Amino acid sequence: MLKITFSPASLPAQQALVLTVAEKTHLGEQGAQLDRKLGGILKRALEDHHFSGAKEQVLTILTPAKTRLSRIVLLGIGDPAKVDDKLFARLGGVACAALNGKDAQAVLLVDSHKALALPVAELAAHAAFGARLRSYRFDKYRTKLKPDQKPALKNLTVACAEASKARSLYASLDKIADGVFMTRDLVSEPANVIYPETLAKECVELKSLGVKVEVLDEKQMKKLGMGSLLGVAQGSVNPPRLVVLSWSGDPEAKDKRPVAFVGKGVTFDSGGLSLKPPGGMEDMKWDMAGAGAVIGAMRALAGRKAKANVVGIVGLVENMPSGTAQRPGDVVTSMSGQTIEVLNTDAEGRLVLADALWYAQDMFNPRCVIDLATLTGAIITALGHEYAGIFANDDALSDQLVKASNAVEEPLWRFPLGEAYDKQLDSPIADMKNIGSKGEAGSITAAQFLQRFIKKGVPWAHLDIAGMAWLGKDKPLCPKGASAFGVRLLDRFVADHVER
Ligand code: BES
Ligand code: MN
Ligand code: ZN
(Lines give C-alpha, C1' and ligand atoms only; values in the text may rest on other atoms or scores of the structure.)
(Ligands and ions follow the chains in the order given, each with its own letter.)
Protein backbone atom coordinates (compact mmCIF):
# COMPACT_ATOMS: atom_id res chain seq x y z
CA MET A 1 0.00 0.00 0.00
CA LEU A 2 1.23 3.46 -0.91
CA LYS A 3 1.98 5.64 2.07
CA ILE A 4 1.57 9.36 1.59
CA THR A 5 3.23 12.06 3.67
CA PHE A 6 3.63 15.81 3.32
CA SER A 7 6.74 17.92 3.65
CA PRO A 8 7.85 21.50 3.03
CA ALA A 9 8.96 22.26 -0.50
CA SER A 10 12.47 20.95 -0.93
CA LEU A 11 14.34 18.78 -3.35
CA PRO A 12 15.22 15.15 -2.61
CA ALA A 13 18.81 13.96 -2.91
CA GLN A 14 18.00 10.57 -4.40
CA GLN A 15 15.34 8.27 -5.86
CA ALA A 16 12.59 9.91 -7.91
CA LEU A 17 11.23 13.42 -8.22
CA VAL A 18 8.06 14.63 -9.89
CA LEU A 19 8.07 18.33 -10.63
CA THR A 20 5.16 20.47 -11.79
CA VAL A 21 5.73 22.60 -14.87
CA ALA A 22 3.38 25.34 -16.04
CA GLU A 23 2.53 26.25 -19.59
CA LYS A 24 4.54 29.24 -20.90
CA THR A 25 5.98 30.34 -17.55
CA HIS A 26 7.42 26.84 -17.10
CA LEU A 27 9.44 26.19 -13.98
CA GLY A 28 8.27 27.35 -10.58
CA GLU A 29 10.45 28.49 -7.67
CA GLN A 30 11.84 25.10 -6.72
CA GLY A 31 12.10 23.91 -10.28
CA ALA A 32 14.18 26.91 -11.28
CA GLN A 33 16.47 26.31 -8.32
CA LEU A 34 16.97 22.68 -9.29
CA ASP A 35 17.58 23.62 -12.89
CA ARG A 36 20.40 25.97 -11.83
CA LYS A 37 21.95 23.15 -9.80
CA LEU A 38 21.75 20.82 -12.76
CA GLY A 39 23.34 23.24 -15.16
CA GLY A 40 20.15 23.99 -17.09
CA ILE A 41 19.20 20.44 -18.17
CA LEU A 42 15.54 20.89 -17.22
CA LYS A 43 15.10 23.93 -19.46
CA ARG A 44 16.95 22.10 -22.23
CA ALA A 45 14.75 19.04 -21.83
CA LEU A 46 11.63 21.20 -22.09
CA GLU A 47 12.89 22.75 -25.30
CA ASP A 48 14.29 19.60 -26.88
CA HIS A 49 11.10 17.61 -26.48
CA HIS A 50 8.35 20.05 -27.34
CA PHE A 51 7.26 19.89 -23.73
CA SER A 52 5.00 22.88 -23.30
CA GLY A 53 3.75 22.17 -19.81
CA ALA A 54 0.27 21.50 -21.13
CA LYS A 55 -2.18 19.76 -18.78
CA GLU A 56 -1.21 16.16 -17.95
CA GLN A 57 1.81 16.18 -20.27
CA VAL A 58 4.61 13.99 -18.88
CA LEU A 59 8.32 14.00 -19.67
CA THR A 60 10.68 11.69 -17.81
CA ILE A 61 14.39 12.42 -17.59
CA LEU A 62 16.24 9.26 -16.58
CA THR A 63 19.33 9.18 -14.37
CA PRO A 64 20.13 12.89 -14.71
CA ALA A 65 23.82 13.78 -14.40
CA LYS A 66 25.11 15.72 -11.37
CA THR A 67 22.45 14.16 -9.12
CA ARG A 68 21.77 10.84 -7.45
CA LEU A 69 18.16 10.99 -8.61
CA SER A 70 16.93 8.00 -10.63
CA ARG A 71 14.47 10.08 -12.59
CA ILE A 72 12.85 13.45 -12.81
CA VAL A 73 9.29 13.39 -14.05
CA LEU A 74 8.16 16.74 -15.43
CA LEU A 75 4.41 17.10 -15.10
CA GLY A 76 2.48 19.73 -17.05
CA ILE A 77 -0.21 21.69 -15.22
CA GLY A 78 -1.28 23.97 -18.09
CA ASP A 79 -2.21 27.58 -17.34
CA PRO A 80 -1.68 28.20 -13.59
CA ALA A 81 -4.60 30.63 -13.58
CA LYS A 82 -6.95 27.85 -14.71
CA VAL A 83 -5.98 24.97 -12.44
CA ASP A 84 -8.47 23.31 -10.10
CA ASP A 85 -8.79 20.42 -7.64
CA LYS A 86 -9.96 18.00 -10.30
CA LEU A 87 -6.91 18.64 -12.47
CA PHE A 88 -4.54 18.17 -9.56
CA ALA A 89 -6.19 14.92 -8.54
CA ARG A 90 -5.69 13.70 -12.10
CA LEU A 91 -2.10 14.95 -12.05
CA GLY A 92 -1.42 13.03 -8.86
CA GLY A 93 -2.76 9.92 -10.57
CA VAL A 94 -0.67 10.51 -13.67
CA ALA A 95 2.42 11.05 -11.49
CA CYS A 96 1.78 7.84 -9.60
CA ALA A 97 1.57 5.90 -12.86
CA ALA A 98 4.78 7.53 -14.15
CA LEU A 99 6.71 6.44 -11.04
CA ASN A 100 6.91 2.87 -12.23
CA GLY A 101 10.59 2.19 -11.66
CA LYS A 102 12.61 0.61 -8.90
CA ASP A 103 12.29 3.42 -6.42
CA ALA A 104 10.53 2.77 -3.16
CA GLN A 105 10.46 6.48 -2.49
CA ALA A 106 9.51 9.52 -4.50
CA VAL A 107 8.80 13.19 -3.97
CA LEU A 108 5.98 14.91 -5.77
CA LEU A 109 6.83 18.58 -5.65
CA VAL A 110 3.85 20.84 -6.18
CA ASP A 111 5.74 23.98 -7.00
CA SER A 112 4.68 27.55 -6.24
CA HIS A 113 3.99 28.73 -9.75
CA LYS A 114 3.12 32.36 -10.42
CA ALA A 115 -0.59 33.21 -10.49
CA LEU A 116 -1.91 29.83 -9.32
CA ALA A 117 -5.72 29.95 -9.21
CA LEU A 118 -5.86 28.11 -5.87
CA PRO A 119 -3.72 27.84 -2.74
CA VAL A 120 -0.89 25.43 -3.34
CA ALA A 121 -1.86 23.46 -0.21
CA GLU A 122 -5.25 22.63 -1.70
CA LEU A 123 -3.72 21.56 -4.99
CA ALA A 124 -1.14 19.41 -3.21
CA ALA A 125 -3.80 17.69 -1.10
CA HIS A 126 -5.75 16.78 -4.22
CA ALA A 127 -2.61 15.59 -5.98
CA ALA A 128 -1.98 13.28 -3.03
CA PHE A 129 -5.59 12.05 -3.24
CA GLY A 130 -5.24 11.30 -6.95
CA ALA A 131 -1.97 9.47 -6.41
CA ARG A 132 -3.48 7.30 -3.71
CA LEU A 133 -6.57 6.51 -5.81
CA ARG A 134 -4.38 5.50 -8.76
CA SER A 135 -2.14 3.30 -6.61
CA TYR A 136 -4.93 0.79 -5.99
CA ARG A 137 -4.11 -2.85 -6.68
CA PHE A 138 -6.03 -6.09 -6.23
CA ASP A 139 -3.26 -8.68 -6.05
CA LYS A 140 -4.43 -10.94 -3.28
CA TYR A 141 -4.88 -13.97 -5.53
CA ARG A 142 -1.65 -13.51 -7.49
CA THR A 143 0.68 -15.68 -5.44
CA LYS A 144 3.43 -15.88 -8.06
CA LEU A 145 4.08 -12.22 -8.79
CA LYS A 146 7.78 -11.54 -9.29
CA PRO A 147 9.24 -8.52 -7.53
CA ASP A 148 9.44 -6.56 -10.76
CA GLN A 149 5.75 -7.17 -11.39
CA LYS A 150 4.88 -5.49 -8.13
CA PRO A 151 4.84 -1.73 -7.72
CA ALA A 152 8.09 -0.63 -6.10
CA LEU A 153 6.78 2.72 -4.90
CA LYS A 154 5.99 2.53 -1.19
CA ASN A 155 6.28 6.11 0.02
CA LEU A 156 5.23 9.25 -1.74
CA THR A 157 6.13 12.56 -0.17
CA VAL A 158 4.04 15.41 -1.43
CA ALA A 159 6.11 18.54 -1.02
CA CYS A 160 4.79 22.07 -1.18
CA ALA A 161 4.92 25.40 0.59
CA GLU A 162 2.18 25.21 3.29
CA ALA A 163 2.75 21.49 3.88
CA SER A 164 0.89 21.37 7.18
CA LYS A 165 -2.17 22.97 5.62
CA ALA A 166 -2.03 20.41 2.80
CA ARG A 167 -1.75 17.59 5.34
CA SER A 168 -4.87 18.66 7.19
CA LEU A 169 -6.85 19.16 3.97
CA TYR A 170 -5.80 15.68 2.89
CA ALA A 171 -7.04 14.01 6.08
CA SER A 172 -10.67 13.81 4.95
CA LEU A 173 -9.72 12.95 1.35
CA ASP A 174 -7.79 9.99 2.74
CA LYS A 175 -11.00 8.73 4.37
CA ILE A 176 -12.84 9.05 1.08
CA ALA A 177 -10.09 7.00 -0.55
CA ASP A 178 -10.59 4.36 2.17
CA GLY A 179 -14.22 4.13 1.07
CA VAL A 180 -13.23 3.89 -2.60
CA PHE A 181 -10.74 1.12 -1.85
CA MET A 182 -13.26 -0.85 0.17
CA THR A 183 -15.70 -0.71 -2.76
CA ARG A 184 -13.01 -1.69 -5.28
CA ASP A 185 -12.05 -4.67 -3.12
CA LEU A 186 -15.66 -5.83 -2.76
CA VAL A 187 -16.38 -5.45 -6.47
CA SER A 188 -13.13 -7.17 -7.50
CA GLU A 189 -13.72 -10.22 -5.31
CA PRO A 190 -15.06 -13.24 -7.17
CA ALA A 191 -18.58 -14.48 -6.49
CA ASN A 192 -17.38 -17.61 -4.66
CA VAL A 193 -15.85 -15.32 -2.05
CA ILE A 194 -18.32 -12.43 -1.93
CA TYR A 195 -21.92 -13.64 -1.80
CA PRO A 196 -24.79 -12.22 0.26
CA GLU A 197 -23.69 -13.63 3.63
CA THR A 198 -20.03 -12.66 3.24
CA LEU A 199 -20.87 -9.25 1.82
CA ALA A 200 -23.13 -8.64 4.82
CA LYS A 201 -20.19 -9.60 7.07
CA GLU A 202 -18.02 -6.97 5.39
CA CYS A 203 -20.75 -4.42 6.14
CA VAL A 204 -20.66 -5.36 9.82
CA GLU A 205 -17.00 -4.25 9.87
CA LEU A 206 -18.22 -0.66 9.54
CA LYS A 207 -19.44 -0.82 13.14
CA SER A 208 -15.90 0.04 14.19
CA LEU A 209 -16.37 3.45 12.55
CA GLY A 210 -19.60 4.15 14.41
CA VAL A 211 -22.00 2.96 11.70
CA LYS A 212 -25.08 1.12 12.97
CA VAL A 213 -25.44 -2.10 11.01
CA GLU A 214 -28.51 -4.27 10.82
CA VAL A 215 -28.62 -7.48 8.77
CA LEU A 216 -31.98 -8.97 7.79
CA ASP A 217 -32.09 -12.65 6.85
CA GLU A 218 -34.51 -14.57 4.66
CA LYS A 219 -36.98 -15.21 7.45
CA GLN A 220 -37.22 -11.55 8.39
CA MET A 221 -37.63 -10.55 4.76
CA LYS A 222 -40.37 -13.11 4.29
CA LYS A 223 -42.18 -11.63 7.26
CA LEU A 224 -41.92 -8.19 5.69
CA GLY A 225 -43.43 -9.52 2.47
CA MET A 226 -40.40 -9.02 0.23
CA GLY A 227 -41.62 -11.49 -2.39
CA SER A 228 -39.94 -9.62 -5.21
CA LEU A 229 -36.41 -9.78 -3.78
CA LEU A 230 -36.93 -13.31 -2.46
CA GLY A 231 -38.12 -14.54 -5.85
CA VAL A 232 -34.73 -13.64 -7.32
CA ALA A 233 -32.87 -15.30 -4.45
CA GLN A 234 -34.79 -18.58 -4.46
CA GLY A 235 -32.70 -20.26 -7.16
CA SER A 236 -29.47 -20.00 -5.22
CA VAL A 237 -28.08 -22.08 -2.37
CA ASN A 238 -26.68 -18.81 -1.02
CA PRO A 239 -29.42 -17.14 1.00
CA PRO A 240 -30.13 -13.41 0.54
CA ARG A 241 -29.50 -10.59 2.97
CA LEU A 242 -30.70 -7.03 3.34
CA VAL A 243 -28.25 -4.76 5.12
CA VAL A 244 -29.11 -1.42 6.66
CA LEU A 245 -26.20 0.90 7.44
CA SER A 246 -27.01 4.04 9.43
CA TRP A 247 -24.68 6.95 9.97
CA SER A 248 -26.05 9.57 12.38
CA GLY A 249 -23.46 12.29 12.14
CA ASP A 250 -25.83 15.19 12.77
CA PRO A 251 -27.99 14.44 15.81
CA GLU A 252 -29.06 18.09 16.06
CA ALA A 253 -30.29 18.35 12.48
CA LYS A 254 -33.43 20.47 12.00
CA ASP A 255 -34.74 18.02 9.44
CA LYS A 256 -34.42 14.67 11.21
CA ARG A 257 -35.16 12.65 8.10
CA PRO A 258 -32.10 10.88 6.69
CA VAL A 259 -30.95 10.74 3.12
CA ALA A 260 -31.33 7.16 1.84
CA PHE A 261 -28.90 5.43 -0.50
CA VAL A 262 -30.11 2.12 -1.92
CA GLY A 263 -27.85 -0.31 -3.80
CA LYS A 264 -28.35 -3.28 -6.08
CA GLY A 265 -26.26 -6.10 -4.68
CA VAL A 266 -26.55 -9.05 -7.05
CA THR A 267 -23.36 -10.86 -6.08
CA PHE A 268 -23.59 -12.94 -9.24
CA ASP A 269 -26.06 -12.52 -12.09
CA SER A 270 -26.21 -15.63 -14.23
CA GLY A 271 -29.55 -14.40 -15.57
CA GLY A 272 -31.38 -17.19 -13.74
CA LEU A 273 -33.49 -19.46 -15.95
CA SER A 274 -33.38 -16.68 -18.57
CA LEU A 275 -29.72 -17.64 -18.61
CA LYS A 276 -27.11 -15.26 -19.98
CA PRO A 277 -24.81 -16.45 -22.77
CA PRO A 278 -21.47 -17.75 -21.45
CA GLY A 279 -19.32 -15.08 -23.13
CA GLY A 280 -18.65 -12.41 -20.53
CA MET A 281 -20.81 -13.99 -17.84
CA GLU A 282 -17.83 -13.74 -15.49
CA ASP A 283 -18.33 -9.96 -15.51
CA MET A 284 -21.50 -10.47 -13.55
CA LYS A 285 -19.53 -10.86 -10.33
CA TRP A 286 -19.59 -7.08 -10.34
CA ASP A 287 -23.37 -6.87 -10.50
CA MET A 288 -23.19 -5.77 -6.86
CA ALA A 289 -21.31 -2.56 -7.71
CA GLY A 290 -24.31 -0.39 -6.77
CA ALA A 291 -24.37 -1.94 -3.31
CA GLY A 292 -20.58 -1.69 -3.25
CA ALA A 293 -20.74 2.04 -3.91
CA VAL A 294 -23.32 2.55 -1.17
CA ILE A 295 -21.18 0.62 1.32
CA GLY A 296 -18.01 2.52 0.35
CA ALA A 297 -19.82 5.85 0.55
CA MET A 298 -21.03 5.00 4.05
CA ARG A 299 -17.48 4.14 4.98
CA ALA A 300 -16.22 7.45 3.59
CA LEU A 301 -18.90 9.46 5.42
CA ALA A 302 -18.27 7.70 8.72
CA GLY A 303 -14.51 7.88 8.25
CA ARG A 304 -14.52 11.61 7.82
CA LYS A 305 -17.29 12.04 10.39
CA ALA A 306 -19.67 13.80 8.03
CA LYS A 307 -22.25 16.02 9.74
CA ALA A 308 -25.18 14.29 8.11
CA ASN A 309 -27.72 11.58 8.73
CA VAL A 310 -27.62 8.93 6.06
CA VAL A 311 -28.91 5.38 5.70
CA GLY A 312 -27.49 2.95 3.20
CA ILE A 313 -29.61 -0.05 2.27
CA VAL A 314 -28.31 -2.87 0.12
CA GLY A 315 -30.29 -5.80 -1.23
CA LEU A 316 -27.98 -8.80 -1.54
CA VAL A 317 -28.90 -11.83 -3.65
CA GLU A 318 -27.38 -14.31 -6.06
CA ASN A 319 -29.35 -14.86 -9.28
CA MET A 320 -29.00 -18.53 -10.27
CA PRO A 321 -30.86 -21.12 -12.35
CA SER A 322 -31.88 -24.30 -10.53
CA GLY A 323 -34.79 -26.52 -9.67
CA THR A 324 -35.93 -23.99 -7.12
CA ALA A 325 -35.34 -20.95 -9.34
CA GLN A 326 -38.05 -18.53 -10.28
CA ARG A 327 -39.61 -19.33 -13.68
CA PRO A 328 -40.42 -16.91 -16.48
CA GLY A 329 -44.12 -16.17 -16.02
CA ASP A 330 -44.12 -16.46 -12.24
CA VAL A 331 -46.07 -13.78 -10.40
CA VAL A 332 -44.60 -12.40 -7.17
CA THR A 333 -45.98 -9.99 -4.59
CA SER A 334 -43.67 -7.19 -3.53
CA MET A 335 -43.49 -5.60 -0.09
CA SER A 336 -45.49 -2.67 -1.49
CA GLY A 337 -48.36 -5.08 -2.19
CA GLN A 338 -48.02 -4.64 -5.94
CA THR A 339 -47.79 -7.84 -7.97
CA ILE A 340 -45.19 -8.46 -10.68
CA GLU A 341 -45.22 -10.87 -13.58
CA VAL A 342 -41.61 -11.97 -14.01
CA LEU A 343 -41.27 -12.41 -17.76
CA ASN A 344 -37.47 -12.38 -17.77
CA THR A 345 -35.53 -13.61 -14.76
CA ASP A 346 -32.49 -11.69 -16.00
CA ALA A 347 -34.24 -8.39 -15.26
CA GLU A 348 -33.59 -9.16 -11.60
CA GLY A 349 -31.97 -5.98 -10.33
CA ARG A 350 -35.23 -4.05 -10.46
CA LEU A 351 -36.94 -6.87 -8.54
CA VAL A 352 -34.37 -6.60 -5.77
CA LEU A 353 -34.54 -2.80 -5.71
CA ALA A 354 -38.35 -2.77 -5.65
CA ASP A 355 -38.37 -4.22 -2.13
CA ALA A 356 -35.21 -2.44 -0.96
CA LEU A 357 -36.64 0.93 -2.07
CA TRP A 358 -39.96 0.25 -0.39
CA TYR A 359 -38.25 -0.80 2.82
CA ALA A 360 -36.13 2.37 2.79
CA GLN A 361 -39.21 4.58 2.52
CA ASP A 362 -41.34 2.58 4.95
CA MET A 363 -38.75 2.40 7.73
CA PHE A 364 -36.95 5.73 7.45
CA ASN A 365 -39.27 8.30 5.89
CA PRO A 366 -36.21 9.67 4.06
CA ARG A 367 -35.94 13.22 2.74
CA CYS A 368 -34.78 11.75 -0.56
CA VAL A 369 -33.84 8.38 -2.03
CA ILE A 370 -30.92 7.75 -4.36
CA ASP A 371 -30.40 4.28 -5.78
CA LEU A 372 -27.37 2.93 -7.62
CA ALA A 373 -27.43 -0.15 -9.79
CA THR A 374 -25.69 -1.92 -12.64
CA LEU A 375 -29.20 -2.21 -13.98
CA THR A 376 -29.16 -2.43 -17.78
CA GLY A 377 -26.93 -3.29 -20.69
CA ALA A 378 -28.93 -0.68 -22.59
CA ILE A 379 -27.31 2.16 -20.64
CA ILE A 380 -23.96 1.04 -22.12
CA THR A 381 -25.48 1.12 -25.60
CA ALA A 382 -26.66 4.67 -24.93
CA LEU A 383 -23.71 6.21 -23.09
CA GLY A 384 -20.78 3.85 -23.45
CA HIS A 385 -18.30 4.11 -20.62
CA GLU A 386 -18.28 7.90 -20.34
CA TYR A 387 -21.36 8.69 -18.28
CA ALA A 388 -23.69 6.89 -15.93
CA GLY A 389 -27.40 7.52 -16.51
CA ILE A 390 -29.49 9.44 -14.02
CA PHE A 391 -33.28 9.25 -13.85
CA ALA A 392 -35.18 11.40 -11.37
CA ASN A 393 -38.65 12.54 -10.39
CA ASP A 394 -37.24 15.78 -8.95
CA ASP A 395 -35.30 18.42 -10.90
CA ALA A 396 -33.57 19.92 -7.86
CA LEU A 397 -32.26 16.55 -6.67
CA SER A 398 -31.16 15.67 -10.18
CA ASP A 399 -29.34 19.00 -10.58
CA GLN A 400 -27.57 18.57 -7.24
CA LEU A 401 -26.40 15.09 -8.18
CA VAL A 402 -25.26 16.15 -11.63
CA LYS A 403 -23.30 19.03 -10.07
CA ALA A 404 -21.67 16.73 -7.54
CA SER A 405 -20.89 14.25 -10.31
CA ASN A 406 -19.10 16.89 -12.36
CA ALA A 407 -17.17 18.11 -9.32
CA VAL A 408 -15.62 14.67 -8.79
CA GLU A 409 -15.48 13.61 -12.45
CA GLU A 410 -17.92 10.75 -12.05
CA PRO A 411 -20.23 12.19 -14.70
CA LEU A 412 -23.99 11.65 -14.95
CA TRP A 413 -26.26 12.25 -17.92
CA ARG A 414 -29.97 12.72 -17.30
CA PHE A 415 -32.58 10.64 -19.12
CA PRO A 416 -36.32 11.30 -19.37
CA LEU A 417 -39.12 9.49 -17.60
CA GLY A 418 -42.74 9.54 -18.75
CA GLU A 419 -46.12 7.87 -18.81
CA ALA A 420 -45.74 6.44 -22.29
CA TYR A 421 -42.67 4.50 -21.17
CA ASP A 422 -44.41 3.43 -17.99
CA LYS A 423 -47.27 1.96 -19.97
CA GLN A 424 -44.91 -0.60 -21.51
CA LEU A 425 -44.86 -2.29 -18.11
CA ASP A 426 -48.58 -3.02 -17.88
CA SER A 427 -49.33 -6.73 -17.58
CA PRO A 428 -52.53 -8.58 -18.49
CA ILE A 429 -52.40 -10.73 -15.37
CA ALA A 430 -50.58 -8.70 -12.69
CA ASP A 431 -50.00 -5.07 -11.69
CA MET A 432 -46.93 -4.95 -13.91
CA LYS A 433 -44.40 -7.04 -15.78
CA ASN A 434 -40.67 -6.76 -15.16
CA ILE A 435 -39.62 -5.88 -18.72
CA GLY A 436 -40.76 -3.42 -21.39
CA SER A 437 -40.89 -3.90 -25.15
CA LYS A 438 -37.76 -5.48 -26.58
CA GLY A 439 -35.23 -3.03 -27.97
CA GLU A 440 -37.09 0.06 -26.82
CA ALA A 441 -35.46 2.35 -24.25
CA GLY A 442 -34.53 -0.49 -21.92
CA SER A 443 -32.83 1.75 -19.36
CA ILE A 444 -35.82 4.06 -19.16
CA THR A 445 -38.38 1.28 -18.74
CA ALA A 446 -36.16 -0.18 -16.00
CA ALA A 447 -36.24 3.20 -14.26
CA GLN A 448 -40.02 3.41 -14.75
CA PHE A 449 -40.30 0.06 -13.04
CA LEU A 450 -38.37 1.39 -10.04
CA GLN A 451 -40.51 4.53 -9.95
CA ARG A 452 -43.58 2.37 -9.34
CA PHE A 453 -42.01 1.67 -5.94
CA ILE A 454 -41.44 5.31 -5.02
CA LYS A 455 -44.07 6.82 -2.77
CA LYS A 456 -45.83 10.06 -3.72
CA GLY A 457 -43.81 13.15 -2.84
CA VAL A 458 -40.50 11.39 -2.18
CA PRO A 459 -37.68 12.95 -4.24
CA TRP A 460 -35.92 10.07 -5.93
CA ALA A 461 -33.02 9.55 -8.31
CA HIS A 462 -31.82 6.35 -9.92
CA LEU A 463 -28.23 5.99 -11.17
CA ASP A 464 -27.65 3.27 -13.76
CA ILE A 465 -23.92 2.64 -13.41
CA ALA A 466 -23.61 -0.51 -15.56
CA GLY A 467 -21.15 1.19 -17.94
CA MET A 468 -19.02 2.76 -15.23
CA ALA A 469 -18.52 0.14 -12.52
CA TRP A 470 -15.66 -1.65 -14.24
CA LEU A 471 -12.91 -0.05 -16.35
CA GLY A 472 -11.50 -1.85 -19.38
CA LYS A 473 -8.50 0.49 -19.34
CA ASP A 474 -6.58 2.66 -16.91
CA LYS A 475 -7.83 6.14 -16.08
CA PRO A 476 -5.92 8.85 -14.19
CA LEU A 477 -7.64 8.09 -10.89
CA CYS A 478 -8.11 4.36 -11.31
CA PRO A 479 -6.27 1.43 -12.77
CA LYS A 480 -8.38 -0.85 -14.96
CA GLY A 481 -10.82 -3.00 -13.01
CA ALA A 482 -13.31 -2.00 -10.35
CA SER A 483 -13.77 1.79 -10.31
CA ALA A 484 -15.96 2.33 -7.24
CA PHE A 485 -17.99 4.75 -9.37
CA GLY A 486 -20.46 6.55 -7.14
CA VAL A 487 -18.52 6.63 -3.88
CA ARG A 488 -16.95 10.04 -4.42
CA LEU A 489 -20.12 11.32 -6.05
CA LEU A 490 -22.34 10.36 -3.09
CA ASP A 491 -19.80 11.73 -0.65
CA ARG A 492 -19.67 15.03 -2.53
CA PHE A 493 -23.48 15.21 -2.72
CA VAL A 494 -23.62 14.87 1.05
CA ALA A 495 -20.83 17.42 1.59
CA ASP A 496 -22.41 20.03 -0.67
CA HIS A 497 -26.12 19.54 -0.10
CA VAL A 498 -26.72 17.78 3.20
CA GLU A 499 -24.00 18.87 5.61
CA ARG A 500 -24.42 22.25 7.27
N1 BES B 1 -26.82 -6.89 -14.54
C2 BES B 1 -27.50 -6.80 -15.80
C3 BES B 1 -27.16 -5.51 -16.55
C4 BES B 1 -25.77 -5.45 -17.12
C5 BES B 1 -25.51 -5.97 -18.37
C6 BES B 1 -24.76 -4.82 -16.43
C7 BES B 1 -24.23 -5.88 -18.90
C8 BES B 1 -23.49 -4.74 -16.97
C9 BES B 1 -23.23 -5.26 -18.20
C10 BES B 1 -28.99 -6.83 -15.57
O11 BES B 1 -29.43 -7.60 -14.51
C12 BES B 1 -29.60 -7.41 -16.80
O13 BES B 1 -29.36 -8.55 -17.06
N14 BES B 1 -30.39 -6.62 -17.52
C15 BES B 1 -30.99 -7.04 -18.72
C16 BES B 1 -32.42 -6.55 -18.74
C17 BES B 1 -33.26 -7.14 -19.83
C18 BES B 1 -33.47 -8.61 -19.58
C19 BES B 1 -34.59 -6.42 -19.85
C20 BES B 1 -30.20 -6.47 -19.88
O21 BES B 1 -29.72 -5.34 -19.79
O22 BES B 1 -30.05 -7.16 -20.88
MN1 MN C 1 -29.69 -9.63 -15.07
ZN1 ZN D 1 -28.11 -7.86 -12.99
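The rules behind each value
Residues numbered from 1 in each chain as written. Chains lettered and ligands numbered in written order. Predicted model: local features only at pLDDT ≥ 70, side-chain atom pairs only at ≥ 80, totals over all residues. Heavy atoms only, no water. Helix = DSSP H or I, 4+ residues; strand = E, 2+ residues; numbered from the N terminus. Buried < 20%, exposed > 50% of the residue type's maximum accessible area, 1.4 Å probe, protein only. Near = heavy atom within 4 Å. Polar contact = N/O pair within 3.5 Å; in protein donor to acceptor, adjacent residues only side chain to side chain. Nonpolar A, V, L, I, M, F, W, Y, C, P; charged D, E, K, R; others polar. Donors = N, O, S within 2.8 Å, 3.2 Å for Na, K, Ca; no water. Tetrahedral: all angles 85-135°; square planar, octahedral: opposite > 155°, others 65-115°. Salt bridge = Lys/Arg side-chain N within 4 Å of Asp/Glu carboxyl O. Domains from an automatic or database assignment. Contact = heavy atoms within 4.5 Å. Buried area = accessible area lost by both parts, 1.4 Å probe.

Overview of unusual backbone geometry
Even without being glycine, Asn365 reaches a positive phi, approximately 40 degrees. Here the phi dihedral of Ala484 falls at roughly 65 degrees; this positive angle occurs in a residue that is not glycine. Position of Ala484 relative to the elements: it lies in the loop between strand E20 (481–482) and helix H15 (487–497). Exposure remark for Ala484: the relative accessible area of 4% places this residue in the buried category.

Examining the site of ligand 1
The local shell around ligand 1 holds 17 residues, among which Lys276, Asp287, Asp346, Glu348 and Gly377 are the closest. Between ligand 1 and the protein, one listed contact pairs an oxygen atom with a side-chain N or O atom of Lys276 at 2.8 Å. In the environment of ligand 1, an oxygen atom lies 2.8 Å from a nitrogen or oxygen atom belonging to the side chain of Glu348. When the residues that make up the shell around ligand 1 are grouped by side-chain class, the tally is six nonpolar, four polar and seven charged.

With respect to the coordination of the manganese ion (ligand 2)
Within the protein, the atoms that donate to the manganese ion (ligand 2) are Asp269 (OD), Asp346 (O), Asp346 (OD) and Glu348 (OE), at distances of 2.0 to 2.2 Å. Around the manganese ion (ligand 2), the six donor atoms are arranged such that angles at the metal cover 70 to 165 degrees; this shape is classified as irregular. The sequence pattern formed by the donor residues of the manganese ion (ligand 2) is D-x76-D-x1-E. Taken as a pair, the manganese ion (ligand 2) and the zinc ion (ligand 3) show a spacing of 3.2 Å, with Asp269 coordinating each metal. Linking Asp269 in strand E10 (residues 259–269) with Glu348 in the loop between strand E13 (339–342) and helix H10 (349–364), this pair joins segments that are 79 residues apart in sequence. Of the two residues examined, Asp269 and Glu348, each falls in the buried class.

Observations regarding the pattern of salt bridges
This model, assessed by the stated rule, comprises 26 salt bridges. Glu409 is the salt-bridge partner of Arg90, the closest N and O atoms lying 2.8 Å from each other. Of this pair, Arg90 sits in helix H3 (residues 85–98) while Glu409 sits in the loop between helix H12 (395–407) and strand E16 (412–414); the two residues are 319 residues apart in sequence, bridging distant segments of the chain. By relative accessible area, Arg90 is classed as buried at 15%. Note on Glu409: relative accessible area 34%, which makes it partly exposed. With a shortest N-O distance of 2.9 Å, Asp346 and Lys276 are connected by a salt bridge. Placement of the pair is Asp346 in the loop between E13 and H10 and Lys276 in the loop between E10 and helix H9 (289–303), with a sequence separation of 70 residues.

As for the coordination of the zinc ion (ligand 3)
In this structure, Lys264 (NZ), Asp269 (OD), Asp287 (OD) and Glu348 (OE) serve as the protein donors to the zinc ion (ligand 3), at separations of 2.0 to 2.4 Å. What the six donor atoms of the zinc ion (ligand 3) show is an angle range of 78 to 174 degrees at the metal, which sorts the shape as octahedral. Written as a sequence motif, the donor residues of the zinc ion (ligand 3) are K-x4-D-x17-D-x60-E. A relative accessible area of 2% places Lys264 in the buried class. What makes Glu348 buried here is its relative accessible area of 1%.

Observations regarding the domain arrangement of the protein chain
Per the domain assignment, the segments making up the protein chain are domain 1 (3–162) and domain 2 (176–497). Distance from the C-alpha centre of domain 1 to the C-alpha centre of domain 2: 38 Å. At the junction of the two partners, domain 1 supplies 16 residues and domain 2 supplies 21 residues. Both faces considered, domain 1 and domain 2 share a buried interface measuring about 1,600 Å² in area, 61% of it formed by carbon and sulfur atoms. Linking domain 1 to domain 2 there are four salt bridges. A salt bridge links Arg132 to Asp178, with the nearest nitrogen and oxygen atoms 2.9 Å apart. Applying the counting criterion to the domain 1 and domain 2 interface returns nine residue pairs in polar contact (both at pLDDT 80 or more). Within the residue set of the side of domain 1 that touches domain 2, elements represented by two or more residues are H3 and helix H4 (120–134). Counted by class, the side of domain 1 that touches domain 2 contains seven nonpolar, three polar and six charged residues.

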